[in-house]
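Spelled out from the first residue to the last, the chains are:
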Amino acid sequence: MEHAYPADELMPLTCRGRVRGQEPSRGDVDDALGKFSLTLIDSLDTLVVLNKTKEFEDAVRKVLRDVNLDNDVVVSVFETNIRVLGGLLGGHSLAIMLKEKGEYMQWYNDELLQMAKQLGYKLLPAFNTTSGLPYPRINLKFGIRKPEARTGTETDTCTACAGTLILEFAALSRFTGATIFEEYARKALDFLWEKRQRSSNLVGVTINIHTGDWVRKDSGVGAGIDSYYEYLLKAYVLLGDDSFLERFNTHYDAIMRYISQPPLLLDVHIHKPMLNARTWMDALLAFFPGLQVLKGDIRPAIETHEMLYQVIKKHNFLPEAFTTDFRVHWAQHPLRPEFAESTYFLYKATGDPYYLEVGKTLIENLNKYARVPCGFAAMKDVRTGSHEDRMDSFFLAEMFKYLYLLFADKEDVIFDIEDYIFTTEAHLLPLWLSTTNQRISKKNTTSEYTELDDSNFDWTCPNTQILFPNDPLYAQSIREPLKNVVDKSCPRGIIRVREESFRSGAKPPLRARDFMATNPEHLEILKKMGVSLIHLKDGRVQLVQHAIQAASSIDAEDGLRFMQEMIELSSQQQKEQQLPPRAVQIVSHPFFGRVVLTAGPAQFGLDLSKHKETRGFVASSKPYNGCSELTNPEAVMGKIALIQRGQCMFAEKARNIQNAGAIGGIVIDDNEGSSSDTAPLFQMAGDGKDTDDITIPMLFLFSKEGSIILDAIREYEEVEVLLSDKAKDRDPEMENEEQPSSENDSQNQSAEQIASSSQEVDLVGQESPEESSLNSHPESLSPADTDNAASISPSEQNSNPTENHETTSLDGECTDLDNQLQEQSETEEDSNPNVSWGKKVQPIDSILADWNEDIEAFEMMEKDEL
């Protein structure tokens, strides 16, 4: 409210509001922003949960006074429904509860409900499709398809986008008596149910809103599908309609049969559910243990939750995606609340104090790594600790709510939380809606459902026999085998292709590790297995399998196995050659470690993962390119030298600054405007000669990150930085400008803990149930080349990181470290920090002075440099 209102969201690094159109576009992420004070609306019921009733009353008055829902802006139907419509309904639910209690909100007369109804009518044009599935986006002012609407041409939507409407829309109908909202949401759910894959009972990720054809045929419980399953079960709880429970149980049986591979949850193909669609999991699936608790299936909930907790303990936060062997796949973490949600529900189900310890860990990590002067900043990279200028509205709407409720006693909450159900955005809807304004006709569809021979699918809610086995050590006994699942094992990718063929003992005709793209005999075997080889223009080789083109069904199975082996082999090659990103942290006044810049590593010089970090003041070298003997050795002596990229090899620059007495070097890109936000990170390679003589650490910064240091030098002259394998604690010692304690040594990671893959593998999206494909460099397909598949001899040509993933420049080799292609199967490096937190206490006046100086410093910097 202090720094961002009335903007939709807070930008916690630059201490200002994010207003759509005034900040650089972030793509689909911005579709949640509608210039309607999103965070305020999204956090209304959180204020009541936290017993901030006076603040709630003031917030409701602000919403009624200031919020305009008639803006000319294109928004996501899904996000607007769960965050804004849900926020208004949750606020209304608790407003009428407080009014009944007689102390607060006595003036309230359903004003929030009227706003919700207005918004509901604005969303209805999105449902104007032949299928009843809504368009993914709508213009709040002009609706759909009008020229000024700038939307309505989309053909696809995600399953969750179309299937996560029933709670809010039905609640709106039950509150107001206008049945049209519930009718439209039910029609969308009915259509999705009809379009499920009948043999597997699974649904895909994206669907054509006009034809009902599945566009993406992979299925899981994470991004794109997650809340569809959640809303089927919760619609039964809220509305009392048995058909929703029957549908959920049918889907749940399929999930546990195909997707659940304890403790993992892996995507599969809806037509071939025994075949995994990817080798990584996304962070959104962390909600699923909480849903399993509501379902009453406690054992797999405990198993999956424990696996996720082990990943969090390794990285401090849950990466956006991680592989089956628990390496980072996508390193961002936008402070998602799903894991906290599941922790809360597991504690409610078991009463096990272990889950209070889990919650304590979450809170400590948020305060230690995400808290910044003006709020909590999303993690740009969990490996380095670098931040993103972002704090989504769901952080206050969900994370604070679930963590507070986890630790709250019954008397800490001024109403009975059991009288409400949580929406997917953690908004509270009263259960008495199930008996209010029931005008929707229900058709008898029982005959459509599969008979499930499993006692776990008794239609009771909750199933107390499974939830509470009268054993206080029950949950612990399930968790214990998973305690070291992340650290102890790096399992091979799980391949589930026709298990009978594995048991038969028949020798495969060709193993991926033996394949050579130039061997005619191997190519003939591929052809028999239905695998074709295509040479791409960029030098890569694409492997595509068409099962129907195989000589026999057995050959088709061999082809599937070969493709899976090739993915796994490619992702495992040369793990030791690729280095993880590093961090440059500004530790001097007024930054005190709060600015962390993502840096590229070097294949030579001091390895920061094996040795203590390097700390020192920075100084520019002369000449700035560092390609000859320095003319200002006295300026860089005992300091970290800044040098510009270009005109000679990286190793030559390193030797010149080392000879001048520098204790480290930072190479700044000469390509103006380059940034780690938009360009892949590089690792600097040597000059083809022995580089053992280089003993100082060397890091690479893109132009935008480098300019932050250069601007700081111009402003403050003396700038001290920390070069490390990842960001260090911002403790009071750092703010007193003292040297860091030796406790930081414990944060250094051994070389054995760093394993990553430098081989790019791209799983191309399947065009039909019979197809699977894989891209790989031809060099990687020959075992003879395994030892040097990713090495390129130095050349005298410039590099272009956007055109080639393995390029060289006059500076030396630069290998792309950050391939995050959509269906990629590469694995990435892990880190295991053991961080110690400073305990020195400062007087309150000193702390406040430091905060004010920090804020002033942030405001002086360019808006998008952070």
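Preceding this section is the structure that the text describes.
Caption draft 1: Expanded view of the overall build of the protein. Check the secondary structure of the protein and you find 26 helices and 34 strands. A burial count over the protein gives 62% of its 866 residues as buried. For the protein, restricting intrachain contacts to residue pairs at least 6 apart in sequence, the fraction spanning at least 24 positions comes to 72%. Accessible area for the protein stands at about 33,800 Å²; split by element, carbon and sulfur atoms hold 48% of it.

Caption draft 2: Highlighting the state of the cysteines. Throughout the structure, instances matching the rule amount to three disulfides. One disulfide in the model links Cys15 with Cys374; its S-S distance is 1.9 Å. The S-S bond linking Cys15 to Cys374 shows a torsion near 90°; that makes this disulfide right-handed. Within this pair, whereas Cys15 is found in the loop between β1 (9-11) and β2 (16-18), its partner Cys374 is found in the loop between β15 (371-372) and β16 (375-376), the two being separated by 359 residues in sequence. For the residue pair Cys15 and Cys374, the accessibility class agrees, reading buried in each case.

Caption draft 3: Molecular detail of the packing of aromatic side chains. All chains considered together, the criterion is met by 28 aromatic pairs. Measuring from ring centre to ring centre gives 5.6 Å for Phe248 and Tyr252, while their planes differ by 25°; the resulting arrangement is stacked. You can see Phe248 and its partner Tyr252 sitting in helix α10 (residues 242-259), four residues apart, about one turn around the helix. As far as burial versus exposure is concerned, Phe248 and Tyr252 are alike and both buried. Judged by centre distance (5.4 Å) and plane angle (85°), the rings of Tyr354 and Tyr355 are edge-to-face. Its relative accessible area of 15% is what places Tyr354 among the buried residues. Here the aromatic cluster, defined as three or more aromatic residues joined through ring pairs, consists of Tyr121, Phe127, Phe169, Phe181 and Tyr184.

Cut-offs and rules
Residues numbered from 1 in each chain as written. Predicted model: local features only at pLDDT ≥ 70, side-chain atom pairs only at ≥ 80, totals over all residues. Heavy atoms only, no water. Helix = DSSP H or I, 4+ residues; strand = E, 2+ residues; numbered from the N terminus. Buried < 20%, exposed > 50% of the residue type's maximum accessible area, 1.4 Å probe, protein only. Contact = heavy atoms within 4.5 Å. Areas by Shrake-Rupley, 256 points an atom, 1.4 Å probe, with all protein chains shown as cover. Disulfide = S-S within 2.5 Å. Phe/Tyr/Trp six-rings, centres within 6.5 Å; stacked < 30°, edge-to-face > 60°.

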